[in-house]
Amino acid sequence: DESEEDTEEEPKLKYERLTNGVTEILQKDAASCMTVHDKFLALGTHFGKVYLLDIQGNVTQKFEISPVKINQISLDESGDHVGICSEDGKVVALHPQFSKSNNKQFVTGGNKILLYERNWLNRWKTSVLHEGEGNITNVKWRANLIAWANNVGVKIYDISSKQRITNVLRDNTNLRPDMETEFFISGLAPLADQLVTLYYVKENSEHMFRTRPRLDIIQPLPEGCEEISSDALTVRNFQENQCRDYRLEHSEGEPLFYIISPKDIVVAKERDQDDHIDWLLEKKKYEEALMAAEISFKNIKRHDVQKIGMAYINHLVERGDYDAAARKCQKVLGKNMDLWENEVYRFKTIGQLKAISQYLPRGDLRLRPAIYEMILHEFLKTDYEGFATLIREWPGELYNNMAIVQAVNEHLKKDPTNSMLLTTLAELYTYDQRYDRALEIYLKLRHKDVYQLIHKHNLFSAIKDKIVLLMDFDKEKAVDMLLDNDDKISVSSYLHKLFKRDHHKGQKYHERQISLYAEYDRPNLLPFLRESMHCPLEKVCIKSSSASDVCFFSLSGRMGNCRRALQMIMEELADVDKAIEFAKEQDDRELWDDLISYSIDKPPFITGLLNNIGTHVDPILLIHRIKEGMEIPNLRDSLVKILQDYNLQILLREGCKKILVADSLSLLQRMHRTQKRGVDAEMTHFTFEPACCIQTLSLYLRKGEMFIFAKRRGPGSGILEMKK
């Protein structure tokens, strides 16, 4: 019954039989009395023999004293002298210091107490200490005090003062000794401040059976006493014994108690920590047993803390309490990696890998990576949420990260939109420092941790082209991040990306972008000014001294003041290449004339014009205006280039003429064939500039119609069109 087990108290004493020589003695004889010394035991028998025994019960000496029963044995402190009384109704006690010459004294008790002393003539003299109150049933000598008991009570005599000092009377002198209690007391012994009592329960008059003797520990209290423990002793032949057949002796040096009966001697000892653990394990109180072993691990001899812990784990597994068993592994297995792996495989066998997963070592001491991977694969098969939890809690160094990434990707093939798997994959990429892949997944999922990932791993360079996406996801956080990290993310970068995606989407910021481009991203300023149609040019004012190059002349060009823009390029920048580029963009003959006029007295500018003007303006106009005698750098190379450009133009013109003639003939032939087939035809019509002005010629056919496009030299273009 579990309730009875819970209320059952642990015994205070443990018991064992005195064996070896004692067993052989009691097979042929019967024990009658025994006295305990701290070095040996003295046993008296019914056949009048006295045996000296060691504490294991082995016989060291044997004395045949009398043909009748030995009643009492008394020893002095040295153990060299023994006082023995046989079946004559007497008891005896030696002076504790009997071995010393001035203490040669002993007392005997019969119908009176007699003191025996050696005089100076070495003769024994006797003196009566007490008489007249019946037979003396017991006598003991301790230090200078002698105590004896009879039917009247207990008396104590001081041998040094030679007078009786105490007389403890019985409460009711009319009662016989066997009428005090409900049981017969066979012996008493001290245990610290408690009392050990050996007693014999009175026989049941109806059934006439004899019970086992009992040994109790009693705690005296001011108004009574409290029973601490009570044990029924199973001694041999207890059914045949009576109260007078039992005796209780104890050792002065340690808490050992000897229960003597005719055919058995039982030794009672205080239970040690090993005994306490034995009892707890017997009662399946494994938690308490483990705690007791941990507290007293230096004192226990028969038990091992880890073995107790393993027994506890086995017990929990047998009960099906797998989580508690796994949790206990953390404490019991400690740093023993072999035991850890054995337990993991056992939990795998019983299908409980999930239970032990959260308690595995993950610090300095670790299991083999295969163990952690086995558990992760198990979770990945059955529990995505549990898998994600382990990935977050376990350091990435515990397992082969790439193997787990591959396994997750295999599962994503079956369920590509699973947000939990995708999030976990991003975390695995983060462990592997593949932040770009992790960032890509977080942005795809619009995951709240994307900003934390960027900050933690300084991924600002990776998000330069993702600013708009971050703004769409969480504008507030994105703005805060951009403002807090303007030293890491160029302020212009995200406006630039927005502008490149859609020229009109951020039009209200274009005015601000001009100054941002000028300050942070000068190369992109000119393309922005060319492409933006939303810059309030009349309000733009760039004050930076370094901003007066491209910006001013572009603005002037946009606002129609091209001559002013060209002047700024030439005077402030002194950059003929930019001036030529600007003139090409405007494609204005007057602007070219201004450029030539400004450059005519600057030889380096003339060189630049000679190298670039040939395809836009007749170089003769420039050459005629060069002053005679002026030194022009690299003039020869420039003239050669002009001639080469001129030859190239001639070739292009001739090619265009040939193409035009061939196309005209082909069209004429096609028209002729069409007319011969009886197909209605319309008048062929050509509109074109003189061939000498044509630079490129393209021919397109569509649904029976031909279109010829010609690009002439100079502004504008012409269309040669032939209809069906």
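Residues numbered from 1 in each chain as written. Predicted model: local features only at pLDDT ≥ 70, side-chain atom pairs only at ≥ 80, totals over all residues. Heavy atoms only, no water.

Named according to an unreviewed UniProt entry, the protein chain is Vps41 beta-propeller domain-containing protein originating from Sinocyclocheilus grahami.

**A closer look at the pattern of salt bridges**
The cut-off we apply is this: Any Lys or Arg side-chain nitrogen located within 4 Å of an Asp or Glu carboxyl oxygen qualifies as a salt bridge. Numbering goes from the N terminus for both helices and strands, where a helix is a DSSP run of H or I of at least four residues and a strand is a run of E of at least two. Per-residue accessibility, obtained with a 1.4 Å probe over protein chains only, is compared with the maximum for each type, and a residue is labelled buried under 20%, exposed over 50%, and partly exposed between these values.
Tallying each qualifying case throughout the model produces 20 salt bridges. Here Glu87 and Lys69 are joined by a salt bridge, their closest N and O atoms 3.8 Å apart. Residue Glu87 is located in the loop between strand 7 (82-86) and strand 8 (91-94), and its partner Lys69 is located in the loop between strand 5 (59-64) and strand 6 (70-75); the two are separated by 18 residues in the primary sequence. Here Glu87 falls in the partly exposed class, since its relative accessible area comes to 46%. In this structure Lys69 comes out as partly exposed when scored by relative accessible area, which is 27%. The partner of Lys413 in a salt bridge is Glu410, and the shortest N-O contact between them spans 3.2 Å. With Lys413 and Glu410 both in helix 11 (residues 401-414), this residue pair falls three residues apart, about one helical turn.

**A closer look at the sheet that holds strand 3 (residues 41-45)**
We count it as follows: For two strands to count as paired, DSSP must find a minimum of two bridges between them. With axes taken as lines fitted to C-alpha atoms, and helix axes fitted only over the stretch in contact, angles between N-to-C directions fall between 0 and 180 degrees. Any two residues whose heavy atoms approach within 4.5 Å are treated as being in contact.
The antiparallel open sheet is built from four strands, whose spatial order is 2-3-4-5. Either end of the sheet is taken by a strand with one partner, and the two such strands are strand 2 (31-36) and strand 5. The average angle at which neighbouring strand axes cross in this sheet is 20°, direction not considered. Sheet analysis places strand 4 (residues 49-53) next to strand 5, joined by five bridges and oriented antiparallel. Following the sheet pairing, Leu53 is matched in strand 5 by Val59. Sheet strands in contact with helix 2 (residues 21-28) are strand 2, strand 3, strand 4 and strand 5, and its direction is about 165° off that of strand 4.

**Focus: the nonpolar core**
Here is the rule: Take the buried Ala, Val, Leu, Ile, Met, Phe, Trp, Tyr and Cys residues and link them wherever side-chain atoms come within 4.5 Å; each set so joined is a nonpolar core.
One finds Val344, Ile356, Leu360, Trp394, Tyr399 and Val408 to be the most contacted residues of the largest nonpolar core, which totals 65 residues. Residues Trp592, Ile600, Leu609 and Ile642 belong to the second largest nonpolar core, which totals 23 residues.

**With respect to unusual backbone geometry**
Despite not being glycine, Asn20 has its phi angle at roughly 60°, a positive value. Topologically, Asn20 is positioned in the loop between strand 1 (13-17) and helix 2. Under the relative-accessibility criterion, Asn20 is labelled partly exposed at 42%. A positive phi angle is found at Gln433, which is not glycine, with a value near 65°. Mapped onto the elements, Gln433 comes out in the loop between helix 12 (419-431) and helix 13 (435-445). Overall, Gln433 belongs to the exposed group, its relative accessible area being 59%.

**Quick word on the pairing of strand 12 (residues 138-142)**
Because side chains alternate across strand 12, one face comprises the buried residues Val139 and Trp141, and the other comprises Asn138, Lys140 and Arg142, none of which is buried. The sheet contact formed by strand 12 and strand 13 (residues 145-149) spans five bridges and is antiparallel. Residue Arg142 lies in a different strand from strand 13, and its bridge partner there is Leu145.

**Brief notes about the packing of helix 9 (residues 369-382) against helix 10 (residues 384-393)**
Helix 10 packs onto helix 9 with a crossing angle of 145° between their chain directions and a minimal axis gap of 6 Å. Between helix 9 and helix 10, the residues in contact are Ile375, Leu376, Phe379, Leu380 and Thr382 and Tyr384, Gly386, Phe387, Leu390 and Ile391, respectively.

**Points about the sheet that holds strand 10 (residues 112-118)**
Reading across from one edge, 8-9-10-11 is the order of the four strands in this open sheet, with antiparallel pairing throughout. Since the sheet does not close on itself, it has two edges, and those belong to strand 8 and strand 11 (124-131), each with one partner. Pairs of neighbouring strands in the sheet enclose a mean axial angle of 20°, with direction left out of account.

**Quick look at the packing of aromatic side chains**
Applicable threshold: For Phe, Tyr and Trp, where Trp contributes only its six-membered ring, two rings pair if their centres lie within 6.5 Å, and the inter-plane angle classes them as stacked under 30 degrees, edge-to-face over 60, or tilted in between.
Applying the stated criterion across every chain yields a total of seven aromatic pairs. For the pair Phe98 and Trp124, a centre-to-centre distance of 6.5 Å together with 5° between the ring planes defines the contact as stacked. Note that Phe98 is positioned in the loop between strand 8 and strand 9 (105-109) and Trp124 in strand 11, a separation of 26 residues in sequence. The class for Trp124 is partly exposed, based on a relative accessible area of 35%.

**Focus: the pairing of strand 17 (residues 194-201)**
In this structure, strand 16 (residues 183-191) lies alongside strand 17, joined through eight bridges in antiparallel fashion. Looking at strand 17, one finds that Ala189 is bridged to Val196. By the bridge criterion, five bridges tie strand 17 to strand 18 (residues 214-221) in an arrangement that is antiparallel. When the bridges of strand 18 are listed, Thr197 appears paired with Asp216.

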